[in-house]
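Working through the structure, step by step
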Amino acid sequence: MARSAGDDRRRDVYAEPDLTLRLDGKLTSDVSYRLYGRSSFDTFAQEQVSNETFALVGARLTRNILDWRTSISYEHRFEYTGVYEDLLFIADDVLISTTRDFSYGPFTVSPTAQLSYRFADVPEARRYRLDLLLPLEARITSRWSLVSTPFVEAYWFTDGLNEGRQDIIYSTSLGLRYSIARNISLTTSANYEWRTSNVPLEALSRSRNRTET
């Protein structure tokens, strides 16, 4: 995988285990809910300064509006350096998102937009975030599919030493998904990411804050 922030581009490989537990149900005939817990960490082979972990619990309400699945979510999040090492900050995220599936034969396209704001006990972590995604799936057989997710993430930080900071991340992936059951699948993928910021790289390195997660 190639990681980039301005002119400080480096190559590395990493592992990203991700575990989610969730409970789904319906409040009314057209409003569904989800309660969930999730934890994940990134661990790099060489650039170990980029190792990070998060754990969260959340709740989501979803309703179809003009055939778009629109959700409002709340997440209580813990962010760590390394693999569950030092606690960086505790945050409360409020999110609104919308998505819709368009199918054409074996192809499915799912444009998605999400806007959120993060309240946090560390001022540098407070920010707005906009996500624009275009997940693509091409079904090969009843169980195998090619998948890709180009996306853009934009961050606007609002407080502390990060006030006025703006980051943009461009990413794309290509992978293979195997459907084990209706709601269980296994995906392997290769990813490419390019990051820009209006903050000098030296300042980002000194801060050691992975607040863009």
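Here is a short report on the structure shown in this document. Everything numeric in this text was worked out from a predicted model, so none of it was measured. (Residues numbered from 1 in each chain as written. Predicted model: local features only at pLDDT ≥ 70, side-chain atom pairs only at ≥ 80, totals over all residues. Heavy atoms only, no water.)

Further remarks concern the pattern of salt bridges. Pairing is possible between side chains that carry opposite charge, provided their charged atoms lie close to one another. Applying the stated rule across the entire model yields 14 salt bridges. Note that Asp30 is salt-bridged to Arg63, the shortest N-O span being 3.3 Å. Of this pair, Asp30 sits in the loop between strand E4 (18-26) and strand E5 (31-44) while Arg63 is found in strand E6 (residues 52-65), placing the two residues 33 residues apart along the sequence. Taking relative accessible area as the criterion, Asp30 reaches 36% and is therefore assigned partly exposed. The exposure class of Arg63 is partly exposed, given its relative accessible area of 45%. Two residues, Asp93 and Arg118, come together in a salt bridge whose shortest N-O distance is 2.8 Å. With a gap of 25 residues between them, Asp93 in strand E8 (residues 87-99) and Arg118 in strand E11 (residues 112-120) connect regions that are remote in the sequence. Asp93 sits in the buried class, given a relative accessible area of 4%. Each of the salt bridges in this network shares a partner with another, and the network as a whole consists of Arg22, Asp24 and Arg34. (Salt bridge = Lys/Arg side-chain N within 4 Å of Asp/Glu carboxyl O. Helix = DSSP H or I, 4+ residues; strand = E, 2+ residues; numbered from the N terminus. Buried < 20%, exposed > 50% of the residue type's maximum accessible area, 1.4 Å probe, protein only.)

As a further point, take the environment of Ser40. Tracing the backbone shows Ser40 in strand E5. Taking C-alpha positions, Ser40 is 9.7 Å from Tyr84, a pair spaced 44 residues apart along the chain. Filtering out sequence-adjacent residues up to four positions away, Ser40 remains in contact with Glu16, Pro17, Asp18, Glu52, Thr53, Phe54 and Tyr84. Looking at Ser40, its side chain comes within polar contact range of the main-chain oxygen of Pro17, at 2.9 Å. (Contact = heavy atoms within 4.5 Å. Polar contact = N/O pair within 3.5 Å; in protein donor to acceptor, adjacent residues only side chain to side chain.)

This next bit is on the pairing of strand E15 (residues 151-157). Pairing geometry for strand E12 (residues 127-133) and E15, over seven bridges, is antiparallel. Bridging across to E15, Asp131 finds its partner in Glu153. Of the strand pairs in this sheet, E15 and strand E16 (residues 166-181) are connected by six bridges, and their pairing is antiparallel. Bridge pairing in E16 places Phe151 opposite Ser171. (Pairing = 2+ DSSP bridges.)

Treat this as a map of the structure, not an account of what it does.
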